[in-house]
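# Inside the fold
What follows is the residue order along each chain.
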Amino acid sequence: MTHPAPEPASEDLLRRLAPQVLGALVRRYGHFDAAEDAVQEALLAATRQWPEEGRPRNPRGWLIRVASRRLTDQLRSEDARRRREETAAALTPRDEFVAPPPGEDRAPAEDDTLTLLFLCCGADLPAAGRIALTLRAVGGLTTAEIARALLVPEATMAQRISRAKRRIKTSPSPFGTPDGQEDAARLADVLHVLYLIFNEGYTASSGRELQRADLAAEAIRLTRAVHALLPDDGEVAGLLALMLLTDARRAARTGPDGSLIPLAEQDRTRWDRAAVAEGVALVSDALTRTPLGPYQVRAAIAAVHDEAASDEDTDWAEILGLYEVLVRLVPGPAERLGHAVAVAMVHGPRRALDLLAALDEDDRLAGHHRLEAVRAHLLEMAGDRAAARAAYAKAAGLTLSTPERRYLRSRAARIAE
C-alpha cells in the first residue's frame with residue numbers, strides 16, 4: 001500500500017501567512033523587530049520540515065507556535081538573570097493588543113493581517129518610514145519592490161527601512177492609540193499601502209510573470225475588510241472600487257504564453273462583469289454622498305474604461321476631465337503621466353509630448369520605463385517612427401518585468417518593419 005507524499009511548503013501559502021503570524025506576535029509580545037526575525041526563522045523551518053513531515057493541519061498555528069518559541073528564547077537569552085522578571089512582564093499580553101495563545105484558532109472576524117496593517121501605519125515614525133515598513137511587513141514586498149513603488153532609489157529605501165526598525169526597537173511605545181487627527185493620517189497610510197500592494201500584484205515590477213494574482217487578491221480582501229469597518233468612508237469605497245474595476249480585466253491582460261496584451265487590444269468579453277458592476281456601484285454611491293477624493297476619481301476613470309463596449313467607444317473626453325480633477329488633488333508623476341495620455345487621445349500626441357518634457361525634470365521618474373513607454377506610444381501616434389522605435393527600445397532596457405520587456409521590444413520591432 002502506498003502512502004501519499006508529504007504536502008510541501010507552498011511559497012504562496014507562506015507568503016500569505018507571514019503577515020498574519022507577524023501580526024499575532026506583535027499583538028501579543030510587541031518587539032516588532034525581534035518578532036519579524038522570529039517569523040523569518042519559522043518560515044525557514046517550514047521550508048525544511050514540511051516537505052519531509054507533511055504540511056500541518058493548521059499551518060498558521062504551527063508557524064505562530066514555532067515563531068513564538070523562537071521569540072521567547074531570543075528575548076530570554078538577551079537579558080541577564082537579574083532582568084528575567086522584567087522580561088517575563090514584558091511578555092505578558094497587553095490589554096490593548098491581546099492575542100490568543102500561539103497555535104489556537106482565532107475567531108473568523110479577527111484578522112491579524114489587518115491588525116498589523118493598522119499597527120504599522122500608526123507607528124511612531126515619519127510617514128515615509130511607516131509606509132515602507134508596512135509594505136515590508138504586510139505586503140511582503142522586497143526593498144527593491146518598495147523602492148520602485150515609491151519612486152525612490154533602492155539604497156534610499158534600505159536606509160529608511162533600517163531607520164524605521166531602529167526607531168521602533170528603541171521606542172517605549174511605538175504602536176500608540178491615535179487621536180482623531182492621527183487616526184485620519186493612519187487611515188490615509190493604510191489606503192496608500194493597500195493601493196501600492198495591489199499595484200505590485202496587478203503589474204509586478206520585476207520577474208517573469210506580469211501579475212501576482214495572490215498579492216492583488218490579498219489587497220482586495222484587506223480593502224474589503226477596511227470597507228466593512230468604515231462603510232461610510234468615500235475614499236475606502238473608492239479604493240475598493242478602483243481595485244475591482246482594474247482587477248476585472250486580469251484574465252484578458254495576458255495571452256496563453258504569458259505575453260502582455262494592452263488595454264486597447266484586450267478581449268473585453270473576458271472581463272469580470274460582476275466585478276465591474278460592483279465597482280461601478282461602489283464609486284457611484286461614494287461620488288454622490290461623500291467628499292471627493294483621489295481614489296474615487298481614479299475609480300471613476302477605471303469605470304469609464306470598463307463600461308466602454310470597445311476601445312473605440314471609450315469616452316476620452318470624460319477621462320481627460322477626470323484626470324484634470326485628479327492632478328489638482330494629487331499632482332504626482334504617475335497622475336500627470338496618465339493625464340498626458342488622456343490629452344493625447346483628445347487633443348493629439350504633440351500637445352501630450354510637451355507635457356512629458358516637464359516630467360523629464362521630475363527625479364522620481366528619471367530612468368523609469370513607464371515614462372519612456374508612454375513617450376514611445378505618443379511618438380508612434382505622431383508618426384515619428386524612428387524616435388518611437390528608440391523610445392520603445394530604451395523603455396525595454398529599463399524595465400525589470402520580462403513580459404513588459406518583450407512587449408516593448410515587439411513594438412519596436414513592429415515599427416522597424
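Residues numbered from 1 in each chain as written. Predicted model: local features only at pLDDT ≥ 70, side-chain atom pairs only at ≥ 80, totals over all residues. Heavy atoms only, no water.

Counting through the fold element by element, Arg385 comes out in helix H18 (residues 385–398). Owing to a relative accessible area of 45%, Arg385 belongs among the partly exposed residues under this scheme. At 2.4 Å, the side chain of Arg385 forms a polar contact with the backbone oxygen of Ile415. (Helix = DSSP H or I, 4+ residues; strand = E, 2+ residues; numbered from the N terminus. Buried < 20%, exposed > 50% of the residue type's maximum accessible area, 1.4 Å probe, protein only. Polar contact = N/O pair within 3.5 Å; in protein donor to acceptor, adjacent residues only side chain to side chain.)

Between helix H15 (residues 333–347) and helix H16 (residues 349–359), the least distance of the axes is 7 Å, while the angle of their chain directions is 165 degrees. Here H16 runs roughly antiparallel to H15, going by the angle between their axes. The hand of the H15/H16 crossing is right-handed. In this structure, H15 contributes Pro333, Arg336, Leu337, His339, Ala340, Val343, Ala344 and His347 to the contact, and H16 contributes Pro349, Arg351, Ala352, Leu355, Leu356, Ala358 and Leu359. (Axes fitted to C-alpha atoms, helices over the stretch in contact; angles between N-to-C directions. Parallel < 35°, antiparallel > 145°, perpendicular 65-115°, else oblique. Left-handed = near helix turned anticlockwise from the far one by under 90°. Contact = heavy atoms within 4.5 Å.)

This structure, assessed with the given rule, holds three aromatic pairs. For the ring pair Tyr195 and Tyr295, a centre distance of 5.4 Å and an interplane angle of 70 degrees mean the geometry is edge-to-face. In this pair, Tyr195 is assigned in helix H9 (residues 180–202) and Tyr295 in helix H13 (residues 294–307), connecting sequence segments 100 residues apart. Take Tyr195 and Tyr295: they sit in the same class, and that class is buried. Arranged with centres 5.8 Å apart and planes meeting at 10 degrees, the rings of Phe198 and Tyr202 form a pair that is stacked. (Phe/Tyr/Trp six-rings, centres within 6.5 Å; stacked < 30°, edge-to-face > 60°.)

Here the structure, examined in full by the defined rule, presents two cavities of 30 Å³ or more. Around the largest cavity, the lining is made up of 13 residues, and of these Arg15, Arg16, Gly139, Leu215 and Glu218 lie nearest the centre. For the lining of the largest cavity, the leading source of residues is helix H10 (residues 213–229), giving five residues. Looking at the lining of the largest cavity, its residues break down into six nonpolar, two polar and five charged. (1 Å grid on protein atoms, 1.4 Å probe; cavity = no way out; pocket = protein on both sides within 12 Å on 5 of 7 lines; lining within 4 Å. Points joined across faces, edges and corners; volume = space filled by probe spheres on them. Nonpolar A, V, L, I, M, F, W, Y, C, P; charged D, E, K, R; others polar.)

Function cannot be inferred from these measures alone, as they are strictly geometric.
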